[in-house]
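# Descriptive analysis of the structure
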Amino acid sequence: MDVVGPLERGLTVLRVMSAPGRHRMRPSELARATGLARSTVDRVVATLVHLGHLREVDREVELAPPLMEPGNAYLTGCGVPDALGQVAERLADEFDESVSIAVPDGDGVRFVTQITRRRTMSPAFRIGDLLPAERCAPGALFAAEWDEGTRAAWLARGASPERLAELFPAVPPRPSARPVGSDASGGNPPGTEKFGTEKSSTETSSTETSSREKSGIRGFDAQGSDVQGFDAKGLDTQGTDTNGLDAEESGIAGFDTEDFDRRVARAAADGWAADDQLIEPGLIAVAVPVRGPSGRTACAVSVVSHTSRHTITSLAEATLPRLREETSAMEEALARALTGRPAAPAGSGRATGSSGTALGSPDTPPGSPRTSPGDSGTAAGSSGTALGSPDTSPGGSATAAGGPGAEAGGPGAGAVPGAEAAGPGAVAGGPGTVAVRGAGAVPEVAGVGSDPARAAKRELGPEFLQSLARGLTVLCALDGTRSLSAVAESTGLARATARRALLTLEHLGYVERSGRDFRLLPRVLELGYAHLSSLGFAEIVQPHMADLVRRTHESASMAVLDGDDIRYVARVPTYRIMSVDITLGTRFPAYATSMGRVLLAGLPHAERAALLAGTARRPITARTVTDPAELARIVDGVAERGHAFVDEELEAGLRSLAVPVRDGTGQVVAALNVATHAARGPVEETLAALLPPLTETAARIEADLRAVTRRRRLRLP
């Protein structure tokens, strides 16, 4: 097929940088890691930096939050997050345990929702992380519907530590073998026998046995056997360790296919699956399948706990009845979200040999396995978004679109190693979304049919890979099952150009074609999503603030409103003989500061008036405004202008200029400022020099916050 080389190479660079420990790299390191020529890497990096997917930091480049938009497109367009996210949150609150939603992804399991309890010990998996099917509870549920191709890929993949580390970087290495009945430190966790799993049969109380018999949960037998066909010591009836290895040889690299097959058969018969420390000692989970409109398993909902809180039996007894009660409601909600029709009857449409199916089509089972190694599945995400904002409009941040023609890509433009075919899934993304560009540029709104890549090509010349930009635009523009014509129209590309990009993305395993339609696959989440979705507030804003300091040579700060005060939550100082010395956590009265007035201006009028009226105002300097009527007039003006300027009201000689930072709903959640000395120039010159870069920086921070918080909540410091 006619593969778009620059797009293939660009995705290779992003994939390499998405691996643990490689999120920031030098171009020379990228050349070695990808096998591409240095000149090719330089052009790819220049293009990705211009598009905002990478960011330059000294002599290195790092992944940037706008790269999350393809993943956000998948999660948004598949419909599952909106259907199941609130249920997952409700279950997590009810059980006081972490709840996750995962989708099938080839012979792996990919997380698409994580509702985590805030504890010292809690699961650390992120949206986008991939686990091997044989080492987690959802894997047994999904494997029951594998076709021959997916099973063959699983067998060929194996489970050597090196191979698992390469394909599943989120998986911790297996612990070394230790005697049955001991934990990692040589002792027994409370109420446990091996790895803290289950009490031995001689220790199981009659009360617990009775509760099992009365639970009505399939998987518990009347003789006190543990869940999923394992006896009380964590061994099945053949003496196989619950980790899938022989009990005498648990240190051997590899996996027991017969053991996994038994667990798969048991999960299919019982309608649920258990993870009794398969992934890590102490971590346990139970999972139930949620079927899509066709009757095939679309995703699995898991409740995750620790052996310090539960045995696998007690966790199942505590959660399975409610999970099963909610399953029907979840399937109905999923069916309505995808098709507008009720769910298919339980047990229908469970053929296991199909691939190329679509989430959202009544006749295509979401998340069905594909026939070659790669990815398949559907998606779900949490309903809550950061800073209290609901999910924004469907679609990702489109990067660039272009006209006909493509670059050859320079030297070293051979086939990319590791390219795999992929299976079915679902898509998201929308046309006419924000195109976030490189440092120094304000994000632009790209309308349907616009062609920013062509302008970028004129600006940057041969260093800009137009076809890479177009391909990423197509990746973000798939907002459901889309025809070639629809993709071409929404991106402004010629049909031939859009077709080449789509076929390349299909070849690389990010898009699946069904007839004339195309849709995204869950593999797109491997492009930095897990790392970027775990960034904290300071990690998001700090690089932009550092760039602002480099441009203005003045200190930059960010603050939030905390009662009557502002509280500093991020800061990048400049280095001058005379500089502003403020530390994180510092508080100042809001009425006397530029950031405070911006934050007050962002409040509803009645709340703003009440806060000003209730604040104890005192003159801090001779120029501090304390009159309530005058303060109200000033804050009203700030709301109209969009910025606040304070001249020596907090401290003699100190000037400060601030602008708001908004979340995805437009609500002001923080303020960004630069501070300078009054002796450095007249007020007019200060405003002219500082306001444009300050406003541009705030716009880039807002774009990053929108990308990161589309599918997760972000806690303000």
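Residues numbered from 1 in each chain as written. Predicted model: local features only at pLDDT ≥ 70, side-chain atom pairs only at ≥ 80, totals over all residues. Heavy atoms only, no water.

Another aspect to go through is helix H1 (residues 5-17). Count 3.6 residues to each turn of an α-helix, and residues three or four apart come out pointing the same way. Taking 1.5 Å as the rise per residue, H1 with 13 residues should run 18 Å; its terminal C-alpha atoms sit 19 Å apart, in good agreement. The buried fraction of H1 is high, at 13 of 13 residues. (Helix = DSSP H or I, 4+ residues; strand = E, 2+ residues; numbered from the N terminus. Expected span 1.5 Å × (residues − 1). Buried < 20%, exposed > 50% of the residue type's maximum accessible area, 1.4 Å probe, protein only.)

Applying the stated criterion across every chain, the model contains 42 salt bridges. Put simply, arginine 713 and glutamate 89 hold a salt bridge, and the shortest N to O gap is 3.1 Å. Of this pair, arginine 713 sits in the segment after helix H21 (683-709) while glutamate 89 sits in helix H5 (residues 80-95), placing them 624 residues apart in sequence. Classification of glutamate 89 as buried rests on a relative accessible area of 16%. When salt bridges with common partners are traced through the structure, they connect Arg24, Arg55, Glu60, Glu62 and Asp704 into a single cluster. (Salt bridge = Lys/Arg side-chain N within 4 Å of Asp/Glu carboxyl O.)

Another aspect to go through is the pairing of strand E7 (residues 273-276). Look at any regular strand and the pattern is simple: side chains alternate between the two faces of the sheet. Burial along E7 is two-sided: the face carrying Ala273 and Asp275 and the face carrying Ala274 and Asp276 are both buried. As judged from the four bridges shared by E7 and strand E8 (residues 283-291), these two strands associate in the antiparallel manner. By the bridge assignment, alanine 273 is partnered in E8 with alanine 287. Linkage of E7 to E8, two consecutive antiparallel strands, is achieved through a turn of six residues, within which glutamine 277 is found at a positive phi near 65 degrees. (Pairing = 2+ DSSP bridges.)

Residue placement: threonine 626 occurs in the loop between helix H19 (605-614) and helix H20 (628-641). Distance from threonine 626 to alanine 616, taken between C-alpha atoms, is 9.2 Å for residues 10 residues apart in sequence.

Below, the discussion takes up the packing of H19 against H20. Running from amino to carboxyl end, H19 crosses H20 at an angle of 145 degrees, the nearest separation of the two axes being 11 Å. In the crossing of H19 with H20, the sense of the turn from one axis to the other is right-handed. In contact with His605, Arg608 and Leu612 of H19, H20 contributes Ala632, Val635, Asp636 and Ala639. When its residues are assigned to classes, the contact of H19 with H20 shows four nonpolar, one polar and two charged. (Axes fitted to C-alpha atoms, helices over the stretch in contact; angles between N-to-C directions. Left-handed = near helix turned anticlockwise from the far one by under 90°. Contact = heavy atoms within 4.5 Å. Nonpolar A, V, L, I, M, F, W, Y, C, P; charged D, E, K, R; others polar.)

Okay, the nonpolar core next. Ranked by internal contacts, the top residues of the largest apolar core, which has 112 residues, are Leu11, Leu30, Leu54, Leu323, Leu475, Met558 and Leu672. A total of nine residues in this core trace back to one element, the largest contributor, which is helix H11 (residues 312-339). Ignoring any residue separated from it by four or fewer positions in sequence, one finds leucine 30 in contact with Val13, Val16, Met17, Met25, Val41, Val45 and Val61. Counting residues in hydrophobic clusters, the runner-up holds 29 residues, among them Phe111, Trp146, Ala159 and Ala273. (Core = buried A, V, L, I, M, F, W, Y, C linked by side-chain atoms within 4.5 Å.)

Turning to the packing of aromatic side chains, a few remarks are in order. Under the defined criterion, the tally for this structure stands at five aromatic pairs. Measuring from centroid to centroid gives 5.8 Å for tryptophan 146 and tryptophan 154, while their planes differ by 55 degrees, and the two rings are tilted. Of the two residues, tryptophan 146 and tryptophan 154, neither departs from the other in class, the shared state being buried. With a centroid separation of 5.9 Å and 80 degrees between ring planes, the pair formed by tyrosine 568 and phenylalanine 588 is classed as edge-to-face. (Phe/Tyr/Trp six-rings, centres within 6.5 Å; stacked < 30°, edge-to-face > 60°.)

The N-to-C vectors of H1 and helix H3 (residues 38-51) enclose an angle of 80 degrees; their axes lie 10 Å apart at closest approach. Comparing their axes, H3 and H1 come out roughly perpendicular. Of H3, the residues touching H1 (which contributes Arg9, Gly10, Val13 and Leu14) are Thr40, Val44 and Leu48. When the residues that make up the contact of H1 with H3 are grouped by side-chain class, the tally is four nonpolar, two polar and one charged. (Parallel < 35°, antiparallel > 145°, perpendicular 65-115°, else oblique.)

All right, on to the confidence of the model for the protein chain then. Mean pLDDT for the protein chain: 76, with 70% of residues reaching 70 or above. Predicted confidence is poor over residues 177-216, with pLDDT under 50, and the contacts of this stretch with residues over four places away or in other chains come to 71 contacts. Confidence drops under a pLDDT of 50 for residues 388-448, and excluding neighbours within four residues, the segment shows 240 contacts in the predicted structure. (pLDDT = per-residue confidence, 0-100.)

Turning our eyes to something else, we now look at the sheet that holds strand E2 (residues 54-57). Working definition: the strands of a sheet are paired by backbone hydrogen bonds and lie parallel or antiparallel to each other. Taken in spatial order, the three strands make up an open sheet running E1-E3-E2, and their pairing is antiparallel. Here the strands that pair on one side only, and so sit at the sheet edges, are strand E1 (24-25) and E2. The pairing of E2 with strand E3 (residues 60-63) spans four bridges and is classified as antiparallel. Bridge assignment links leucine 54 to a residue of E3, and that residue is leucine 63.

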